[in-house]
Amino acid sequence: MTVLASALDVGGADFAAHREAMLAKLDDLDAEHAKALAGGGEKYVQRHRKRGKLLARERIELLLDPDTPFLELSPLAAWGSDYTVGASLVTGIGVVEGVECLITANDPTVRGGASNPWSLKKALRANEIAYANQLPCISLVESGGADLPSQKEIFIPGGAIFRDITRLSAAGIPTIAVVFGNSTAGGAYVPGMSDHVIMVKERAKVFLGGPPLVKMATGEESDDESLGGAEMHARTSGLADHFAVDEQDAIRQARRVVARLNHRKAYADPQVAEPPKYDPEELLGIVPGDLKIPFDPREVIARIVDVSDFDEFKPLYGASLVTGWASLHGYPVGILANAQGVLFSEESQKAAQFIQLANQRDIPLLFLHNTTGYMVGKEYEQGGIIKHGAMMINAVSNSRVPHLSVLMGASYGAGHYGMCGRAYDPRFLFAWPSAKSAVMGPQQLAGVLSIVARQSAAAKGQPYDDDADAALRAMVEQQIESESLPMFLSGRLYDDGVIDPRDTRTVLGLCLSAIHTAPYEGARGGFGIFRM
Ligand code: COA
């Protein structure tokens, strides 16, 4: 075994400062997570309870096997927008009757559970995760349908929700809808497209048009129950397979449905693995508050992999990227982690080779980001940095083993791409509160804009206003800085959540377990042309 040595001085001033900076960021993060938990706020929560209904997260908790974790995804969706943090929808992975399932639950306390553009993005992301990992989908439905004022953003793309449900079904991935309340108009197609449907007595309302709309359209007088009640759908239309007398009964029946799915994982669970040799608490003190200061990612690896055991690949070559093999909760992983921030030609080629090796051996890859991007400058351009970076991006793009990405620190420029950023379809991508991601650093970006503006003025023979330039630079820097922060990016669904560094091993373990529900095979060839 090759247990990593640690040089982290846990009693030192640097560690204490880094830890303090991280804890402050975690406090801010907690405050934002609390907003998602609060849903529509006290008034709407109380009203919901007075109606004798369970909250979205309470429904999920009852659905899950006792004492099993729930990996909530995208809890900060809609952060920084006009909509409530969490986007009126809860999504995540949890275990029901021993089966890992993708669970979604509308939050009816937020604008009647209506879907806004961020709820839609979040729901589509959940479907993507279910599809890639072959996780049965359970929808806990109670929604006012489309958020009507934002219909232009959601009506046309929103059709993908119903398309996804049936495509999941076609791929043999079970879909279950449990209807607790309103599920009308377009929303009626959630139970309509699902494999299994459970409806709650006198609560479920599933119709294409409610009584007022029917009156307008045809003049017919009707009521909710006869148009779309659970009893009608269970006895008459046949849309409901199961009639539940109350919410608890619906959840019990959903668990029975899952128990009978005969859904089997592609891989047996690995044996219980030994934890790292170092305390995960220490993960708080590794990343400096100032990302310009480099840190050794081996210190992170040592605190997340089994027994801190890591076999490094090409340690002496391309030292700014650490590559090597480990296991995490018993699952083999290949790790690529940035060390000094910049990616040079050597690092890029090393990464491409390493990714090919992982594909030959069917080993999932974990990308730990702290990169300012590929090296610029005459020497490096002449040395072929573009073609070498392209090699790495080619390898990442065409790799077929599952990828996991964690943004620990910087994730700038094409380095974000080469390290399997969001657009490169990692199965899961999480950020630490210390992460920052943008096309480049704020100062560099503001500086580039300033140089371009100065040159443009010179070309036109116009004077350049240095004071205005300084003000513009400061403003741009501030804007880019705020747009590169994890809560902003998470709000836009550019990750699956911002996590406490101490939870990294647990979160990745849950992801790896979910990933191993579906079979995978690395690419044996099929990469694009590697420019040599
Ligand atoms: N779009 C935007 N806002 C919506 C909404 C929707 N689809 N549905 C509900 N809301 C808002 C309400 O205006 C209300 O806002 P307010 O408290 O600021 O006045 C809040 O959400 C709660 O709605 P309320 O009607 O008080 O809640 P309820 O629990 O009694 O009823 C519904 C919930 C969903 C049954 C009811 O609001 C409804 O029928 N909404 C319209 C459903 C619809 O036709 N959707 C179109 C489908 S494509």
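Residues numbered from 1 in each chain as written. Predicted model: local features only at pLDDT ≥ 70, side-chain atom pairs only at ≥ 80, totals over all residues. Heavy atoms only, no water.

Quick notes on the packing of aromatic side chains
Think of a pair of aromatic rings as described by two things: how far the centres are apart, and how the planes are tilted against each other in angle. All chains considered together, the criterion is met by eight aromatic pairs. With a centroid separation of 6.5 Å and 10 degrees between ring planes, the pair formed by F428 and F430 is classed as stacked. Comparing F428 with F430 shows no difference in burial state: the two are buried. Seen in terms of ring centroids, F527 and F530 are 5.6 Å apart; in terms of plane orientation they differ by 35 degrees. Their pairing is tilted. On the accessibility criterion, F527 (16% relative accessible area) is buried. Since its relative accessible area comes to 17%, F530 is described here as buried. Positioned above the aromatic ring of F180 is the side chain of R59, whose terminal nitrogen or guanidinium carbon lies 4.2 Å from the ring centre. (Phe/Tyr/Trp six-rings, centres within 6.5 Å; stacked < 30°, edge-to-face > 60°. Buried < 20%, exposed > 50% of the residue type's maximum accessible area, 1.4 Å probe, protein only. Lys NZ or Arg CZ within 6 Å of the ring centre and 35° of its normal.)

A closer look at unusual backbone geometry
Within the chain, S308 stands out as a residue other than glycine whose phi angle is a positive 55 degrees. For S308, a relative accessible area of 0% corresponds to the buried category.

Considerations on the site of the ligand
Y44, R47, R51, G144 and A146 are the nearest of the 13 residues found near the ligand. Note that an oxygen atom of the ligand is positioned 3.4 Å from one of the backbone N or O atoms of G112. Backbone polar atom of A146 to a nitrogen atom of the ligand: 2.8 Å apart, as the coordinates give it. Considered on its own, the ligand offers 860 Å² of accessible surface; in the complex 55% of this is hidden by protein. Partitioning the shell around the ligand into residue classes produces six nonpolar, three polar and four charged. (Near = heavy atom within 4 Å. Polar contact = N/O pair within 3.5 Å; in protein donor to acceptor, adjacent residues only side chain to side chain. Areas by Shrake-Rupley, 256 points an atom, 1.4 Å probe, with all protein chains shown as cover. Nonpolar A, V, L, I, M, F, W, Y, C, P; charged D, E, K, R; others polar.)

What to know about empty space enclosed by the protein
Evaluation of the coordinates by the stated rule reveals one cavity of 30 Å³ or more. Estimated volume of the largest cavity: approximately 70 Å³. Contributing to the lining of the largest cavity are 14 residues, with A36, V85, G86, L89 and D107 lying nearest its centre. (1 Å grid on protein atoms, 1.4 Å probe; cavity = no way out; pocket = protein on both sides within 12 Å on 5 of 7 lines; lining within 4 Å. Points joined across faces, edges and corners; volume = space filled by probe spheres on them.)

Observations concerning the UniProt feature "domain: CoA carboxyltransferase N-terminal" (unreviewed entry) in the protein
What UniProt calls "domain: CoA carboxyltransferase N-terminal" (unreviewed entry) maps, in this numbering, to residues 22-273. The distance from the first to the last C-alpha atom of residues 22-273 is 28 Å, and the span holds 44% helix and 17% strand. (UniProt positions renumbered as here; feature names shortened; annotations may be inferred. Helix = DSSP H or I, 4+ residues; strand = E, 2+ residues; numbered from the N terminus.)

As for the environment of P66
Within the element layout of this structure, P66 appears in the loop between α3 (56-63) and β1 (70-73). Residue class for P66 comes out exposed when judged on its relative accessible area of 66%. Spatially, the C-alpha atoms of P66 and V96 are 9.1 Å apart, while their sequence positions differ by 30 residues.

As for the sheet that holds strand β7 (residues 242-244)
With mixed pairing, the seven strands of this open sheet are ordered in space as β1-β2-β3-β4-β5-β6-β7. Taken across any chain shown, the strands that pair with only one partner, and hence form the sheet edges, are β1 and β7. Direction aside, the axes of adjacent strands within the sheet are offset by 20 degrees on average. One ladder, built from eight bridges, connects strand β2 (residues 89-96) with strand β3 (residues 99-106); its direction is antiparallel. Each residue of the ladder has a partner; that of V90, found in β3, is A105. Along the sheet, helix α4 (residues 117-133) makes contact with β1, β2, β3 and β4 (137-143), crossing β2 at roughly 25 degrees. (Pairing = 2+ DSSP bridges. Axes fitted to C-alpha atoms, helices over the stretch in contact; angles between N-to-C directions. Contact = heavy atoms within 4.5 Å.)

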